[in-house]
Amino acid sequence: MGGRGGSSHRATAGGNAFIRTFLQNAYGANHANAVLAILQTVPGNIRAMWEDYAAQFRATDMQRNERGAYYSPSDDSVHLRINAVARGDAISTPYSVLFHEYGHMTDYLIARREGYGYTAYSDLFQGIGAGGKPILRSGSSGGLLGRTAKAELEGHLSRFRMQNPNMTRDQAAHSLINEAMGKYSMLDRSDISDMFEGAGIGVAFPLGSGHGLSYWSGRGNSKEIFAEITSAEAAHPGSLRAIKEYFPKTYQVYQDMLKARRKL
């Protein structure tokens, strides 16, 4: 087996060339070499995504008044400041934000290749069908990835309420937050914090990071989970441990998505 949780994958010469060309043109030789070194250690299914889609990647420099980093479907480009991303910060390891944002981009590119326009594979994926191919369907229920995370969150809350039948859901949420905060550092709990928030825990920035509760109004949570697991797999092992502990079934859906998309 290759890497952490992914199947082995033999790199193709063409895929390597596209990746190197994109990274050097977008971020310069030093950052390109650093990212390529990380890509040598990632699970095979993530490496395969980069090989398949790097030729379509686009990078845009951040404007002076812009903060953070993001993928914009409207201009189909990743916006980030590479020097800041390379350093990392209190909630991200070096280059993990880059893998997060290009995780978003590949999520959209996979769906686009199947003729779905400006939506994401993670919002469409409903499971694996005949021949190992993904079942793709849009709808108000969202993608299986996000639904699974919501179910796992409710399972954790039920765990606390079973221990104390008089506990309210809000009290269970704070017990879960306290438990996770006691186990993981600010750095390593950053992704599960956002996953708790997006899954409906009802507390903004529950473990110190997130998007805020208003962000999720009218928006599914599958896309963020897809990007968060991608970056954790590639460049944030502490976060990956936390995800596997609190969202093991969601993590398995992610693995199924990457395996199935290679049947498209």
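Quick summary incoming for the structure in this document. A quick note: this is a predicted structure, and the numbers were derived from the prediction, not measured.

## What about helix H9 (residues 190-199)?
Then, number 1: Across the ten residues that make up H9, a large majority, ten, are buried.
Then, number 2: Lining the buried residues of H9 we find helix H7 (144-163), helix H8 (169-183), helix H10 (222-235), helix H11 (237-246) and helix H12 (248-261).
Then, number 3: Just past H9, the residue glycine 200 takes up positive phi, approximately 105 degrees.

## Some points on the packing of H9 against H10
If you want to describe how two helices pack, look at the angle between their axes and the distance between the axes.
Then, number 1: Interhelical geometry of H9 versus H10 gives an angle of 165 degrees and a closest axis separation of 10 Å. In terms of orientation, H9 lies roughly antiparallel with respect to H10. The handedness of the crossing between H9 and H10 is left-handed. Across the interface between the two elements, Asp191, Asp194 and Met195 of H9 pack against Glu224, Ile225, Glu228, Ser231 and Ala232 of H10.
Then, number 2: Counted by class, the contact of H9 with H10 contains three nonpolar, one polar and four charged residues.

## Quick notes on the nonpolar core
Then, number 1: Counting residues in each nonpolar core, the largest one holds 72 residues, and the members touching the most others are Trp50, Leu98 and Phe99.
Then, number 2: Sorting elements by how many residues they give to this core places helix H5 (residues 96-113) first, with eight residues.
Then, number 3: Contact partners of leucine 98, with chain neighbours within four places excluded, come to Tyr27, Val35, Trp50, Leu80, Ile82 and Val85.

## Let's talk about unusual backbone geometry
Then, number 1: Despite not being glycine, tyrosine 95 has its phi angle at roughly 70 degrees, a positive value.
Then, number 2: Take tyrosine 95: it is sitting in the loop between helix H4 (82-87) and H5.
Then, number 3: Residue classification places tyrosine 95 among the buried residues on the basis of a relative accessible area of 9%.
Then, number 4: At phenylalanine 205, a position not held by glycine, the phi torsion is positive, near 50 degrees.
Then, number 5: With respect to the helices, strands and loops of the structure, phenylalanine 205 is situated in the loop between H9 and H10.

## Details of the packing of H9 against H11
Then, number 1: At a closest axis distance of 8 Å, the pairing of H9 and H11 adopts a crossing angle of 35 degrees. Packed against H9, whose contacting residues are Asp191, Ile192, Met195 and Phe196, the element H11 presents Ser239, Ala242, Ile243 and Tyr246 at the interface.
Then, number 2: Across the contact of H9 with H11, the residue classes break down as six nonpolar, one polar and one charged.

## Quick look at the packing of aromatic side chains
Then, number 1: This structure, assessed with the given rule, holds 13 aromatic pairs.
Then, number 2: Between phenylalanine 196 and tyrosine 246, the ring centres sit 5.7 Å apart and the planes meet at 90 degrees, which makes this aromatic pair edge-to-face. Of this pair, phenylalanine 196 sits in helix H9 while tyrosine 246 sits in helix H11, and the two are 50 residues apart along the sequence.
Then, number 3: With relative accessibility at 1%, the residue tyrosine 246 sits in the buried group.

## What to know about the side chain of threonine 250
Then, number 1: Structurally, threonine 250 is set in helix H12.
Then, number 2: A polar contact is formed between the side chain of threonine 250 and the backbone nitrogen of alanine 149, at a distance of 3.2 Å.
Then, number 3: Non-local contacts of threonine 250, meaning those with residues more than four positions away in its chain, are made with Leu145, Thr148, Ala149, Glu152, Met195, Ile225 and Ile229.

## Let's talk about H12
For an α-helix, 3.6 residues make a turn, and residues three or four places apart therefore share a direction.
Then, number 1: In this model, H12 (14 residues) spans 20 Å end to end at C-alpha, consistent with the 20 Å of a helix rising 1.5 Å per residue.
Then, number 2: Those residues of H12 not exposed but buried are Thr250, Tyr251, Val253, Tyr254, Gln255, Met257, Leu258, Ala260 and Arg261.

## Description of the side chain of glutamate 197
Then, number 1: Take glutamate 197: it is sitting in helix H9.
Then, number 2: Within the buried set, glutamate 197 has no salt-bridge partner at all; the shortest N-O distance to an opposite charge, 9.3 Å, is to arginine 219.
Then, number 3: Leave out the neighbours within four places in its chain, and glutamate 197 touches Val203, Ala204, Phe205, Pro206, Gly210, His211, Gly212, Leu213 and Trp216.

## Regarding the environment of arginine 159
Then, number 1: Take arginine 159: it is sitting in helix H7.
Then, number 2: Here arginine 159 falls in the partly exposed class, since its relative accessible area comes to 28%.
Then, number 3: Residues arginine 159 and serine 74, 85 residues apart in the sequence, show an inter-C-alpha distance of 42 Å.
Then, number 4: In this view, arginine 159 contacts Leu176, Glu179 and Tyr246; residues no more than four positions away in its chain are not counted.
Then, number 5: A polar side-chain atom of arginine 159 sits 3.1 Å from a polar atom in the side chain of histidine 156.

About the thresholds
- Residues numbered from 1 in each chain as written.
- Predicted model: local features only at pLDDT ≥ 70, side-chain atom pairs only at ≥ 80, totals over all residues.
- Heavy atoms only, no water.
- Buried < 20%, exposed > 50% of the residue type's maximum accessible area, 1.4 Å probe, protein only.
- Helix = DSSP H or I, 4+ residues; strand = E, 2+ residues; numbered from the N terminus.
- Contact = heavy atoms within 4.5 Å.
- Axes fitted to C-alpha atoms, helices over the stretch in contact; angles between N-to-C directions.
- Parallel < 35°, antiparallel > 145°, perpendicular 65-115°, else oblique.
- Left-handed = near helix turned anticlockwise from the far one by under 90°.
- Nonpolar A, V, L, I, M, F, W, Y, C, P; charged D, E, K, R; others polar.
- Core = buried A, V, L, I, M, F, W, Y, C linked by side-chain atoms within 4.5 Å.
- Phe/Tyr/Trp six-rings, centres within 6.5 Å; stacked < 30°, edge-to-face > 60°.
- Polar contact = N/O pair within 3.5 Å; in protein donor to acceptor, adjacent residues only side chain to side chain.
- Expected span 1.5 Å × (residues − 1).
- Lys, Arg positive; Asp, Glu negative; His and termini not counted.
- Salt bridge = Lys/Arg side-chain N within 4 Å of Asp/Glu carboxyl O.

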